[in-house]
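So the chains spell out like this:
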Amino acid sequence: MKAARARTPRRPRKGTNPALRDPVGVYCRVRPLSRADHECCIEVVSDTTVQLHPPDAFRVCRNGEYRETQYSFKEVFGTLVEQKELFDVVAKPLVEDLIRGKNGLLFTYGVTGSGKTHTMTGSPGDGGLLPRCLAMIFNSIGPFQAKRFVFKLDDKNGVDVQSEVEALLERQRREALPIPKTPAGKKQLDPDFADMIDAHDGCRAEEVDEDNVYAVFVSYVEIYNNYIYDLLEEAPFDSIKPKWNSCNTPVRNGDFVPPQSKILREDQNHNMYVTGCTEVEVKSTEEAFEVFWRGQKKRRIANTQLNRESSRSHSVFIIKLAQAPLDADGDNVLQEKEQITLSQLSLVDLAGSERTTRTKAEGSRLREAGNINQSLMTLRTCIEVLRENQLYGTNKMVPYRDSKLTHLFKNYFDGEGKVRMIVCVNPKAEDYEESLQVMRFAEMTQEVEVARPVDRPLCGLTPGRRLRNQAFREELSRKLQLRGGPVAAGPEEQSAAELFFQSFPPLPSCELLDINDDQTLPKLIETLEQRHKMRQMLAEEFAKNVLAFKTMLQEFDSSVASKENYIQGKLAEKEKTITGQRTEMERLEKKIKTLEYKMEILEKTATIYEEDKRNLQQELESKSQKLQRQASDKRRLEARLQGMVAETSLKWEKECERRVAAKQLEMQNKLWVKDEKLKQLKAIVTEPRAERPERPSREREREKPLPRSVSPSPAPAVPVTPLRPRRSRSAGERWVDHRPAGHVPTETLLQPRVPRAITVEAPSERALARCDRYLLTHQELASDGEIQTKLIKGDVFKTRGGGQAVQFTDIETLRQESPTGRKRRSSPPDADPAGSECTDVETRCSVAVEMRAGSALGPGFQHHAQPKRRKP
């Protein structure tokens, strides 16, 4: 009955124990630098920890310190570790599980040029993990191997067992076929890989069931551009000839037939396998490695900027081990398919992730790099989803089918078996960023758990069958050798038929030479009578012996029946005892499951608490960093504010000084005006009084104008504020004299005269661009009915927008009044008598008129003020 799988299952799987799970074993190997003068960015801190520090060109500054990161693994192997030590720690347990009937997966992961292929395959004189695994398998099962074709793989990832006769016929049929035979173990090895196999390596598994027979099958495939190809297939294979069209498929021509890609399928146990893949039965380490080397020559490699022989595909070398128990005699294989166990070990050499900006890949190399990176990214996504499902109890769909690589190994992560990963890193500074990503992925992979495979059930036969059969054969051979063999047997060892014929009297000669011979026939008759009597005696004795034997058989049957009854009673007692023990075992198993469930809940709770602790620590670190940044920003802002306060204080000090100076000048002007008016008042008071004719109104003057005299009028208008000439900034400055169209000419003696002026009715950008100063003549009606003229002066300067701006600097007022028509107003005693006669105080304003270059609009400020309302 099929039991349900744990965590992220989609279908039940046979033989899986959901309560027992093991994490993925991740190991790290650091390759030595190719040159001693290269900068190193990886340091081995301990047996389980490595530290990455950014090189000079990639250092990341955080709070004034360089960020160094540490990563922990199950074990770290430094640059001086040998292949034998790596194999004993990582691959040897997988081979032992393979012999016990359990599956395993071992793959190398890293960037291009980090030593993955060297770790898996090895180099001349120093074999890698793959040849050492093969050597250990054949050292362990060598004496217990079955003959060829006793085990026969089918096309559905299963295995059948054949009898010795069927296997012999299969061998004869294969030998008659004109196909290349598998290499024999006794022939001379290929010198390319002969020194990779250590013939003196005596590594073997400790627990091997000697009552089983074994057979090893190997297959070799590669995943290239997300297609699966059989490297052992006997077909034309050339990775350079095919040309690719716009549909990303090879162009067929008469000279080249591209290899056929294989399809992935799922067997009845939900294990993934490659349909139609060549699987070769091998009988020795040398034969198996020669098959691997034959496929290795077809694997796609290329020369890139980072590696002279860069793998352009993912290679998968699959070792299948079929085993079945011997029969009760220990002589032949048990002909029951249910008793066959098929386990497999997959050794995967992943292609290295790479950046095309560094490898300078183009064309097909660029397409290969994209497919490699895409498949590795899918592997990383699957690991992340598995980790999330197991840590947080979610049931997200794992995207195995997005890549052939992850789809092929789906049953390892989703089912049962051991998974080991070797992370290969290159410590040179140029690979720092890629190594950082590899370390993060490897550390995350350690948190994924896979189901622990269960031990296979016992066959129920008596152990030691092979040894007893061998002992019997050896003893039989020894006795035959002592007797000289069955042909040269002595008289004491003759058969019963020979002894029987020798007990009869010999027959006399039956030849009649004379017609009168009367002796030969009587002798012959006598001899035959003797023989007849002896035969009757032997028949009677034989009948007596048969009767005695029957009696003995009956007695033996009765004794056997009594013994069987006794044994049945004992068996019933034993069965009762076994039933009680089985009930106790079931109770203990339920208790164990309950405790394991509680342990799993506690582990999940501890994991959640640890995750919360890490999140709180990260949040605390981010808060402290934020506070530090805020403190530094506050200090920087305080320094900036202090600078702005100092600058503003200095600016306002200068502004106050300027305003004080302007106020002093204004007061001096007021004092001067008062002095002048006092002088005029004194002159009026000291003069003799005379009748002053009433001044006609302005309407009468207009209706009846007086004739103009040649001499000036005796009572001219007195300007209150004469036009004070302003000292020019330079001798060559020019003015814009802005006189509006409604300007009324006055009859005052003092008229404003501006040298080098351009008179305009409305200001224009062209006029402003040619001058340095600006004068606006503004007229309004004063409170006494007279026309009051204001001369508003300003400076012209250029703006950032390309236009011209006017900044008004002072205002001068021209006003005429008649001495006889002046009205006096009462004022308080403390009022200044000259205050009401004062002109407007000189003011300064910062109103600007700006026009952009090319604008046809006039000034943006209306200069003509509305006339003031006359007080009632």
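Residues numbered from 1 in each chain as written. Predicted model: local features only at pLDDT ≥ 70, side-chain atom pairs only at ≥ 80, totals over all residues. Heavy atoms only, no water.

A. Region of the structure containing the sheet that holds strand E3 (residues 42-44). Across the sheet, 3 strands lie side by side as E3-E4-E7; this open sheet has antiparallel pairing. The open sheet is flanked by E3 and strand E7 (69-72), the only strands paired with a single partner. On average, adjacent strands in this sheet sit at an angle of 25° to one another, irrespective of strand direction. The pairing of E3 with strand E4 (residues 49-52) spans 3 bridges and is classified as antiparallel. (Pairing = 2+ DSSP bridges. Helix = DSSP H or I, 4+ residues; strand = E, 2+ residues; numbered from the N terminus. Axes fitted to C-alpha atoms, helices over the stretch in contact; angles between N-to-C directions.)

B. Examining the packing of aromatic side chains more closely. In total, this model carries 9 aromatic pairs according to the counting rule given. The interplanar angle of 40° and the centroid separation of 5.0 Å between the aromatic rings of Tyr220 and Phe292 together place this pair among those described as tilted. Of this pair, Tyr220 sits in strand E14 (residues 212-224) while Phe292 sits in helix H6 (residues 285-296); the two residues are 72 residues apart in sequence, bridging distant segments of the chain. You'll find Tyr220 and Phe292 in the same group, each marked buried. With centroids separated by 5.3 Å and ring planes inclined at 45°, the aromatic side chains of Phe289 and Phe292 adopt a geometry described as tilted. Of this pair, Phe289 and Phe292 both sit in helix H6, 3 residues apart, which is roughly one turn of the helix. Phe292 matches Phe289 in its accessibility class, with the two residues each being buried. Through pairs of rings, three or more aromatic residues link up here, namely Tyr220, Phe289, Phe292, Trp293 and Phe317. (Phe/Tyr/Trp six-rings, centres within 6.5 Å; stacked < 30°, edge-to-face > 60°. Buried < 20%, exposed > 50% of the residue type's maximum accessible area, 1.4 Å probe, protein only.)

C. Structural view of a nonpolar patch on the surface. A cluster of nonpolar residues, Tyr566, Ile567 and Leu571, forms a patch on the protein surface that exposes about 310 Å² of accessible area. Along the chain, Ile567 turns up in helix H14 (residues 520-686). (Patch = residues over 30% accessible without salt bridge, like charges linked within 9 Å, V, L, I, M, F, W, Y side chains within 5 Å. Areas by Shrake-Rupley, 256 points an atom, 1.4 Å probe, with all protein chains shown as cover. Salt bridge = Lys/Arg side-chain N within 4 Å of Asp/Glu carboxyl O.)

D. How the structure looks around helix H5 (residues 164-176). With 13 residues, H5 extends 18 Å from end C-alpha to end C-alpha; this agrees with the ideal 18 Å at 1.5 Å per step. Those residues of H5 not exposed but buried are Ala167, Glu170 and Arg171. Buried residues in H5, looked at end-on, bunch into an arc of 100°, giving them a common side. Opposite the buried face of H5, by more than 90 degrees, sit the exposed residues Val165, Leu169 and Ala176. (Expected span 1.5 Å × (residues − 1). Arc of directions from axis to C-beta.)

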